[in-house]
Amino acid sequence: MTKEELRLAYRKKRDLLDSSLIESHSLEIANRLLALPIWNFSFYHIFLSIISNKEVDTTSILTVLQGKDKNIVVPKMIANGLLQNYLLTDSTILISNTLNIPEPVDGIRIDEPKMDVVFIPLLAFDKMGNRVGYGKGYYDTFLKKCKSSVIKIGLSFFEAESKINDINEYDVPLDYCVTPEKVYKF
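Keep in mind that this is a model prediction, so the values were computed, not measured.

A.B. asks: Would you explain the packing of aromatic side chains in this entry?
C.D. replies: The geometry of an aromatic ring pair is captured by two quantities: the separation of the ring centres and the angle between the planes. Evaluated as defined, the whole model comprises seven aromatic pairs. With centroids separated by 5.8 Å and ring planes inclined at 15°, the aromatic side chains of Trp39 and Tyr44 adopt a geometry described as stacked. For Trp39, a relative accessible area of 12% puts it in the buried group. An angle of 10° between the planes, with centres 6.3 Å apart, marks the rings of Tyr184 and Phe186 as stacked. With a relative accessible area of 13%, Tyr184 lands in the buried category.

Structural data, given as structure tokens:
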């Protein structure tokens, strides 16, 4: 399937999920993350979930990161498909943007090369670690600015597709994708 076909199919699949299933699957994903060899780093970039899009709820992952005293970095969308990244602190003010994405108003900027681990939103992924997002390229652009050793982890309610047909040179593959059922390593 193409990216556009997968976007349509997985938006429909997500629409069928109820809030209790989203909550339990999100917790299962957070628990699976605990088994990954990713906890000896400092800077963890994580998306803040769009509840209306029925994304994986990252609240439990945030709790784990806070409990492990990690530096948590959250994105803010700016013009031209770019993300600015801010340290999440007790004084960070979050406001939902026009797409209902919670974002920091301002704060301490963290440059991309500082990131050690990045948790990535997605709609679908394949068995080679390719992902389909919302199609604006924010994360692919962001990941290309990160150091080559950054660990890229997708979070998905659904299992892998066999292949995404229209991958191109701008797409940045994942290192892992975590679902409620299993961890994929690429």
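A.B. asks: Would you take a moment to explain a nonpolar patch on the surface for this structure?
C.D. replies: Taken together, Ile93, Ile95 and Val105 make up a surface patch of nonpolar side chains, about 260 Å² in accessible area. Relative to the helices and strands, Ile93 is located in the loop between strand 3 (82-87) and strand 4 (94-96).

A.B. asks: What's the story with empty space enclosed by the protein in this structure? I'm lost.
C.D. replies: To find the voids left in a structure, one rolls a probe of water-molecule size over its atoms. This model, assessed by the stated rule, comprises one cavity of 30 Å³ or more. Taken as a whole, the largest cavity encloses approximately 40 Å³ of empty space. What lines the largest cavity is simply Arg14, Val56, Leu122, Leu123, Leu155, Ser156, Phe157 and Phe158. Looking at the lining of the largest cavity residue by residue, the classes come out as six nonpolar, one polar and one charged.

A.B. asks: So what exactly am I meant to see when it comes to the environment of Leu34 here?
C.D. replies: Inspection of the secondary structure puts Leu34 in the loop between helix 2 (19-33) and strand 1 (43-46). Here the alpha-carbon distance between Leu34 and Val64, two residues 30 residues apart in the chain, equals 8.6 Å. Those residues in contact with Leu34 that sit more than four places away from it in its chain are Trp39, Val64 and Lys68.

A.B. asks: Got a minute to help me understand the layout of surface pockets in this structure?
C.D. replies: Roughly 690 Å³ of internal volume is contained in the largest pocket. Looking at the largest pocket, it is lined by 31 residues, and the ones nearest its centre are Tyr134, Gly135, Lys136, Gly137 and Tyr138. Counting only elements with at least two residues in the lining of the largest pocket, the list comes to helix 1 (3-15), strand 2 (71-78), strand 8 (131-132) and helix 4 (138-145). No other element matches helix 4, which puts five residues into the lining of the largest pocket. The class makeup of the residues in the lining of the largest pocket is 14 nonpolar, six polar and eleven charged. Lining the second largest pocket, in full, are Gln66, Asp69, Lys70, Asn71, Ile72, Leu87, Leu88, Thr89 and Asp90.

A.B. asks: In this structure, what is going on with the pattern of salt bridges? I would like to understand it.
C.D. replies: Side chains bearing opposite charge may pair, as long as their charged atoms lie close to each other. Overall, the coordinates contain five salt bridges when judged by the stated rule. The closest approach of N and O atoms between Lys3 and Asp171, which form a salt bridge, is 2.7 Å. Separated by 168 residues along the polypeptide, Lys3 in helix 1 and Asp171 in the loop between strand 9 (151-155) and strand 10 (176-178) bring together distant segments of the chain. Residues Asp116 and Lys147 are paired through a salt bridge, measuring 2.7 Å at the closest nitrogen-oxygen approach. One end of the pair, Asp116, is in the loop between strand 5 (102-104) and strand 6 (117-120); the other, Lys147, is in the loop between helix 4 and strand 9, and 31 residues separate them in sequence. Using a relative accessible area of 10% as the deciding quantity, one classes Asp116 as buried.

A.B. asks: Which parts of the structure should I look at to understand the nonpolar core?
C.D. replies: If you look at soluble globular proteins, the nonpolar side chains tend to sit buried side by side. The biggest cluster of nonpolar side chains holds 55 residues, and the ones touching the most others in it are Leu33, Phe119, Ile153 and Leu155. Setting aside its immediate chain neighbours within four residues, Phe119 contacts Leu33, Ile38, Tyr44, His45, Ile46, Phe47, Ile61, Leu65, Tyr139, Ile153 and Leu155.

A.B. asks: I would appreciate a short explanation of helix 1 in the present structure.
C.D. replies: Two residues of an α-helix separated by three or four positions point the same way, owing to the 3.6 residues in each turn. Taking 1.5 Å of rise per residue, 13 residues should cover 18 Å, and helix 1 covers 18 Å from first to last C-alpha, within 8% of that figure. Restricting attention to buried positions, one finds in helix 1 the residues Lys3, Leu6, Arg7, Tyr10 and Arg14. Seen end-on, helix 1 carries its buried residues on one side only, within an arc spanning 105°. Facing away from the buried side of helix 1 by more than 90 degrees, the exposed set consists of Leu8, Lys12 and Asp15. Those residues of helix 1 that are buried lie in contact with strand 7 (124-125) and strand 8.

Analysis parameters
- Residues numbered from 1 in each chain as written.
- Predicted model: local features only at pLDDT ≥ 70, side-chain atom pairs only at ≥ 80, totals over all residues.
- Heavy atoms only, no water.
- Phe/Tyr/Trp six-rings, centres within 6.5 Å; stacked < 30°, edge-to-face > 60°.
- Buried < 20%, exposed > 50% of the residue type's maximum accessible area, 1.4 Å probe, protein only.
- Patch = residues over 30% accessible without salt bridge, like charges linked within 9 Å, V, L, I, M, F, W, Y side chains within 5 Å.
- Areas by Shrake-Rupley, 256 points an atom, 1.4 Å probe, with all protein chains shown as cover.
- Salt bridge = Lys/Arg side-chain N within 4 Å of Asp/Glu carboxyl O.
- Helix = DSSP H or I, 4+ residues; strand = E, 2+ residues; numbered from the N terminus.
- 1 Å grid on protein atoms, 1.4 Å probe; cavity = no way out; pocket = protein on both sides within 12 Å on 5 of 7 lines; lining within 4 Å.
- Points joined across faces, edges and corners; volume = space filled by probe spheres on them.
- Nonpolar A, V, L, I, M, F, W, Y, C, P; charged D, E, K, R; others polar.
- Contact = heavy atoms within 4.5 Å.
- Core = buried A, V, L, I, M, F, W, Y, C linked by side-chain atoms within 4.5 Å.
- Expected span 1.5 Å × (residues − 1).
- Arc of directions from axis to C-beta.

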